[in-house]
Structure formats: structure tokens, C-alpha cells
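# Examination of the molecular architecture
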Number of protein chains: 2
Amino acid sequence: MVQTPTEDTAALPKVPTPTLERLTTYLRCLVDLGASGVRTISSAQIEEHAGVSAAQFRKDLSYFGEFGKPGVGYQVGELENRIARILQLHKLQPILLVGAGNLGSALASYPGLEEHKFHIVALFDTDPEKIGKRVLGMDIIEFSRLGEINEVLQARIAILAVPASAAQAAADSAIQSGVRALLNFAPTPLKVPAGVVVRHVSFLQELAVLSYHLTETEKRGQ
Amino acid sequence: MVQTPTEDTAALPKVPTPTLERLTTYLRCLVDLGASGVRTISSAQIEEHAGVSAAQFRKDLSYFGEFGKPGVGYQVGELENRIARILQLHKLQPILLVGAGNLGSALASYPGLEEHKFHIVALFDTDPEKIGKRVLGMDIIEFSRLGEINEVLQARIAILAVPASAAQAAADSAIQSGVRALLNFAPTPLKVPAGVVVRHVSFLQELAVLSYHLTETEKRGQ
DNA sequence: TAGATTGTTAATCGATTAACAATC
DNA sequence: TAGATTGTTAATCGATTAACAATC
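Residues numbered from 1 in each chain as written. Chains lettered and ligands numbered in written order. Predicted model: local features only at pLDDT ≥ 70, side-chain atom pairs only at ≥ 80, totals over all residues. Heavy atoms only, no water.

## Focus: the overall build of chain A
Our working rule: Strands are runs of DSSP state E lasting at least 2 residues, helices are runs of H or I lasting at least 4, and numbering of each runs from the N terminus. Burial status follows relative accessibility: with a 1.4 Å probe on protein chains alone, a residue under 20% of its type maximum counts as buried, one over 50% as exposed, and anything between as partly exposed. In this description, contact between two residues means that some pair of their heavy atoms is separated by no more than 4.5 Å. Per-residue accessibility takes into account occlusion by the displayed protein chains alone, with areas from the Shrake-Rupley method and a 1.4 Å probe.
The secondary structure content of chain A amounts to eight helices and nine strands. In terms of principal-axis extent, the alpha carbons of chain A reach across some 65 × 60 × 40 Å. Taken over 222 residues, chain A has a buried fraction of 46%. In chain A, the proportion of contacts linking residues at least 24 apart, taken out of those at least 6 apart, comes to 53%. Surface accessibility of chain A: about 11400 Å² in total, with carbon and sulfur atoms responsible for 53%.

## Overview of the packing of aromatic side chains
Put simply, the rule reads: A pair of Phe, Tyr and Trp rings is counted when the ring centres sit within 6.5 Å of each other, with Trp represented by its six-membered ring. The angle between the planes then sorts it: under 30 degrees is stacked, over 60 is edge-to-face, the rest tilted. By definition here, charges over rings are those cases where NZ of Lys or CZ of Arg is within 6 Å of the ring centre and within 35 degrees of the ring normal.
In the structure shown here, the tally under the stated rule is 10 aromatic pairs over all chains. Aromatic side chains Phe-64 of chain A and Tyr-212 of chain B sit 6.2 Å apart centroid to centroid with 85° between the ring planes, which places their arrangement in the edge-to-face category. Of this pair, Phe-64 of chain A sits in the loop between helix 3 (54-62) and strand 2 (74-75) while Tyr-212 of chain B sits in helix 8 (residues 203-221), each in a different chain. Taken together, Tyr-26, Phe-57 and Tyr-74 of chain A form an aromatic cluster joined through their ring pairs. If you follow Arg-82 of chain A out to its NZ or CZ, it ends over the ring of Phe-67 of chain A, 3.9 Å from the centre.

## A word on the nonpolar core
For the record, the criterion: To define a nonpolar core, start from buried Ala, Val, Leu, Ile, Met, Phe, Trp, Tyr and Cys residues and group those joined through side-chain atoms within 4.5 Å.
With 107 residues, the main nonpolar core has Ile-159 and Leu-207 of chain A together with Ile-159 of chain B as its most contacted residues. Apart from residues lying up to four places away in sequence, Ile-159 of chain B is in contact with Phe-203 and Leu-207 of chain A together with Ile-95, Leu-96, Leu-97, Val-98, Leu-107, Ile-120, Leu-183 and Phe-185 of chain B.

## Let's talk about the pattern of salt bridges
Note the following rule: The rule for a salt bridge is simple: a side-chain nitrogen of Lys or Arg has to be within 4 Å of a carboxyl oxygen of Asp or Glu.
This structure, assessed with the given rule, holds 16 salt bridges over all chains. Among the charged side chains, a network of salt bridges with common partners joins Glu-21 and Arg-199 of chain A together with Glu-206 of chain B.

## With respect to the sheet that holds strand 7 (residues 157-160) of chain A
Residues and elements named next belong to chain A. The condition that has to hold: By the convention used here, strands pair only if DSSP detects at least 2 bridges between them. Fitted lines through C-alpha atoms serve as axes, helices being fitted only where they are in contact, and the angles separating the N-to-C directions of these axes extend from 0 to 180 degrees.
Spatially, the seven strands line up as an open sheet ordered 5-6-4-3-7-8-9, and their pairing is mixed. The open sheet terminates on both sides in strands that have one partner only, identified here as strand 5 (134-135) and strand 9 (197-200). On the sheet, helix 6 (residues 146-153) packs against strand 3 (93-98), strand 4 (118-125) and strand 6 (138-142) and is oriented at approximately 160° with respect to strand 4.

## Some details on the interface of chain B and chain A
Rules: Here the quantity called buried area is the accessible surface, traced with a 1.4 Å probe, that two parts lose on coming together, added over both. Polar contacts here mean pairs of N or O atoms no more than 3.5 Å apart (in protein, one a potential hydrogen donor and the other a potential acceptor; neighbouring residues in sequence count only if both atoms are side-chain atoms). Under the convention adopted here, Pro, Cys and the residues Ala, Val, Leu, Ile, Met, Phe, Trp and Tyr are nonpolar, Asp, Glu, Lys and Arg are charged, and Gly plus all remaining residues are polar.
Across the contact, 57 residues belong to chain B and 57 residues belong to chain A. Buried surface at the junction of chain B and chain A, both sides included, amounts to about 5400 Å², of which 73% is carbon and sulfur. In this structure, the connection of chain B to chain A is made through two salt bridges. The interface formed by chain B and chain A contains 12 residue pairs in polar contact (both at pLDDT 80 or more). Secondary structure elements with two or more residues in the side of chain B that touches chain A: helix 1 (17-35), helix 2 (43-50), strand 3 (93-98), helix 5 (102-108), strand 7 (157-160), strand 8 (181-184), strand 9 (197-200) and helix 8 of chain B. Looking at side-chain class alone, the side of chain B that touches chain A contains 33 nonpolar, 16 polar and eight charged residues.

## Some remarks on the sheet that holds strand 5 (residues 134-135) of chain B
All names here are of chain B. If you trace the seven strands from one edge of the open sheet to the other, you get 5-6-4-3-7-8-9, paired in mixed fashion. The sheet terminates laterally at strand 5 and strand 9, the two strands that pair on one side only. As paired elements, strand 3 and strand 4 (residues 118-125) share six bridges and run parallel to each other. Bridged to Pro-94 within strand 4 is His-119. Relative to strand 4, helix 6 (residues 146-153) is tilted by about 160°, and along the sheet it contacts strand 3, strand 4 and strand 6 (138-142).

## Here's the deal with the protein's contact with DNA strand C
Definition in use: Each residue is tested against the molecule or strand, and it is near if at least one of its non-hydrogen atoms lies within 4 Å.
The local shell around DNA strand C holds 25 residues, among which Ser-43, Arg-58, Phe-67, Gly-68 and Tyr-74 of chain A are the closest. Counted by atom, the contact set of DNA strand C within 4 Å of the protein is 67% sugar and phosphate. Separating a sugar or linking oxygen of DNA strand C from a backbone N or O atom of Gly-71 of chain A is a distance of 2.9 Å. Between DNA strand C and Gln-56 of chain B there is a distance of 3.3 Å, counted from a sugar or linking oxygen to a side-chain nitrogen or oxygen.

## Observations regarding the protein's contact with DNA strand D
Within the structure, DNA strand D sits among 25 residues, and Ser-43, Arg-58, Phe-67, Gly-68 and Tyr-74 of chain B are positioned closest to it. A distance of 2.6 Å is found between a phosphate oxygen of DNA strand D and a side-chain nitrogen or oxygen belonging to Ser-43 of chain B. Measuring from a sugar or linking oxygen of DNA strand D, one finds a side-chain N or O atom of Glu-66 of chain B at 3.4 Å. Among the elements of the structure, helix 1 (17-35) and helix 3 of chain A together with helix 3 (54-62) of chain B are those that each provide at least two residues to the surface near DNA strand D. By residue number, the principal contributor to the surface near DNA strand D is helix 3 of chain A, which donates four residues.

## Points about the pairing of strand 4 of chain A
Along any regular strand the residues' side chains alternate between the sheet's two faces. Residue and element names in this part refer to chain A. Under the convention used in this document: When the strands point away from the viewer, a crossover counts as right-handed if the route from the first strand across the helix to the second turns clockwise.
The element strand 4 is largely enclosed, with a buried count of six among its eight residues. Handedness of the β-α-β unit built from strand 3, helix 5 (residues 102-108) and strand 4 comes out right-handed. In the sheet, strand 4 pairs with strand 6 via three bridges, with the strands oriented parallel. Bridged to Phe-124 within strand 6 is Ile-141.

## Looking at helix 2 of chain B
Residues and elements named next belong to chain B. Heads up, the condition is: Working definition: the arc comes from the directions between the helix axis and the C-beta atoms, pointing outward to the latter.
For helix 2, the complete set of buried residues consists of Ser-43, Ile-46 and Ala-50. Taken around the axis of helix 2, the buried residues stretch over an arc of 45°, which confines them to a single face. On its buried side, helix 2 packs onto helix 1, strand 1 (40-41), helix 3 and strand 2 (74-75). Among the residues trailing helix 2, Gly-51 stands out with phi positive, at a value near 70°.

## With respect to the domain arrangement of chain A
What counts is decided by this rule: Just so you know, the domain bounds were taken from an automatic or database domain assignment.
On domain assignment, one finds that chain A holds domain 1 (17-86) and domain 2 (93-205). Relative placement of domain 1 of chain A and domain 2 of chain A: their C-alpha centres are 31 Å apart.

## Here's the deal with unusual backbone geometry
All names here are of chain A. For Leu-136, which is not glycine, the phi torsion reads 55° and is therefore positive. On the secondary structure map, Leu-136 appears in the loop between strand 5 and strand 6. We note that Gln-154 has phi near 60°; this positive angle belongs to a residue other than glycine.

What follows is the structure, given as C-alpha cells:
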């Protein structure tokens, strides 16, 4: 196990994305359990409450260190804090929201955003009709001013709730202004430089997958 | 390869979920290419336009039959139709929407729904303030009437855009009324009987994954 | 101490990628 | 026919599950 001199950080095993996604599930589960007075839990109890196998839960945590005591289990409060810290949910995250249509406005007022320390700090749109109108106490700002505005705000995350035709331009501007993570609600893939992370949420894609499974279950049932 | 007598259908190889998700990407790509006058495409061109490798594309299609001609490629229009058919996007799909808050209303008016033959046929909420109000020409109906209403409508897909606390009850009612596929926007896992498919969309989960990656890229960059 | 439960290693499973024979 | 490109098989990669030694 000789480390080559050029690698100065002992490359930790890369964390699988499904593991990261499950962390938020564990977190919600822990918050719930904590609220109902539970102080200690075992991986078996997580399995029951979160619907993720005990083995999977322990494996997931193992990417980040040791969290429990053999024979005892995990401290609810402590585990909650440590997972929140891993996901950076312990400190305020400023977020840009591009697109102030129906979806954008709904996302801006999504309950739980603030609770998870996500804070939408600016709202952009290209529609002159919308500029200056207010959503949740924020002015809607002309999209072309994104760069200038984010110079001050320094947000690193942007949500794109724009039509497919506008998505790439929105992404480019955001990245240009320093954004390094994009949540894309537009039904189109984005091209981004290395070092920028994109997650894509597609309402229609989800429905299509369900639609496929519908006929499958019918066939089986029939 | 002797078929046991109890298995009356030659169990087709199960289609991986990622394959189904990519089908919608191909579809969009094909629609775009078709609109710009392209008649024939190769898997290599799909790779370029859709950002999915040519090998992956061919493998994905292979679950459903043969679609192209060696040495030639695929007919854009034909492939488009066949993929739409696989996903059942060729016939109207009635959908129930439970929850007429900000998110529910935004989803109801999502552009592209109708284009993909998804049709929201009823909108439910428990809030007495909202009952009878109209969204997109539809009355908002008291949630307790879901069963009675769907007896007539016979929708098999429901979208849940309700708070976490109401999600399980909404799912139960929908399933009771004949729904077999659920798209869950509530930040909580659902318990459903076998034969019911659930897809879960979690805005906060997506943001949390991005948030994690942000610090990772910073570490690497640093 | 004995019983419980962890963290980790090894075995399994499934999806992606690469390679190529078949064929237009 | 020769060149191009498919559909499929085999090799690789990565994630999940199972098993268990370590330990509270």
C-alpha cells in the first residue's frame, strides 16, 4: 500500500450515491424517534422504522466512521448531529432559484427548507412581467443580473426551475457566478464542466416509469 | 430450459429501473431530432445527443426487442413510437392528484403533462378553505370523497403532494380506490401492499446530496 | 460473565461497459 | 462486395446482503 507521492490525500473510499440518499432517510427517522423520546436505537430498529435493512444501515455509516457501541446501539441525538454534519445540514446553505413560475414559486415556499438550513437567497426570472414582483418577501430579479448578484451572495447551489429551452443558459450563468451544484427540474440534460455536480429531478420521467410498471403488474395479475 | 408447469408466462428478463428512466431521455432526444428533420440515427448519435453511451442505449433497447438495422441504424419516428408504447405514453393516463397546496397546484399545471398523455382528472385536499376552489378548470374535491370519485374515474396512478403526516392515509385511500402506482412527493416512506409501485421524489434529499458533494469538491479542489 | 449488537470482510447480486459475430 | 452498425454475449465494475469476529 505505497502511496504515490502525487496523491497527497489518502483517497477515502468513494461514497455511493444511494448511501447519501439514504442518509437523509435515517436523519428523518432519527428526528422522529428523538421527538418521541427514544434515546438509543439499534440498526434493527432503524430497519423497522426506515425500511432499510440493518446491514445496509451499518454499511452506509461505515463510510464515515464509527457511530455506535457494540452490544448497545446508537445514541439518537449524537447520530442525528453527525449525519447532519456529514450532509452539511448543520450550517446555513444559501441557494439561488432560477425560474419563478408555478414550480419555482412552489419550491421557494416548500416547508422544511429552512428546517434543513437551506435558504433561498435570490429568485431570478427572464419574464419582464414578473421582475420586481415578490415571492416570500423576495423580489424577483432579472436573470441577466445573476452574476452580479451572486458576486455578493456567494451561493454555491442553484435550483433550475425553468423550461428546457432555458436550462443550459441558466446553468452556464450560475456556474460562471461560482455555483458548483445544480438541482435541475428542467426536462433536459445539462452539460457542465468537471467539478460541478448536477442532480436531475424529472416529474414526467417518474410518471413514465410508473406508467410502465402499471401494465407490467396488470400482465402479472391477469 | 424446461418450464415448470406452474409458471405459465415465460418470465421476461426484468427490466432494470435505470433502463426505464433512460427510455424517457431517449424519447425526448428522438422527438427533438425528429423535429429537426433527422430520419435515421445510430446509437453513436444518441450517445452524442442524450449523453448515454451507445452500448448502454443498445443494451437498454435489447430488453424490449429489436429496433434497428445493422449497418443502418434506427428510424427516428418508428423508434419514438415504440418507446412511447413501451412506457404507455401512447394512450391517455388518468391521474389523481392529492394535495392542492403550492406544490400540487404547480404540478397540475406542469407543461408537458398533456403532451405525454398524462391527464390529471381530479384534485383532492382536506382543507375546507380550498374545497370548491378551482385549479386549471377543476374543482378541488374533499379528500374523503376520493374513493367514491375514483369509482367512476378509474384512475390507476395517483400523485401525493401532501405533508408527510398525511401521506400514508392518502396512499391508503388511493390504493383502496384502485390506484396501483403512486408518485410520492411527501418526505416520508410509504407502506404499500405488493403489486403497488411507489416512486419517491424528495426535494430535500436532492439538496442534501448536492450539499454533501459541495464540501467534497472543495476538499479536492483545496 | 453472557447476551447483544456493532463494524467489517467476504459472497452475492445486478448493472454497465467492452467486444464481436451477425447482418444490412 | 466492403463498410457500418446492430443485438448479444462475456468481462468488469459497483452496490447490496450475509456472516462473523470484535467488543461493549
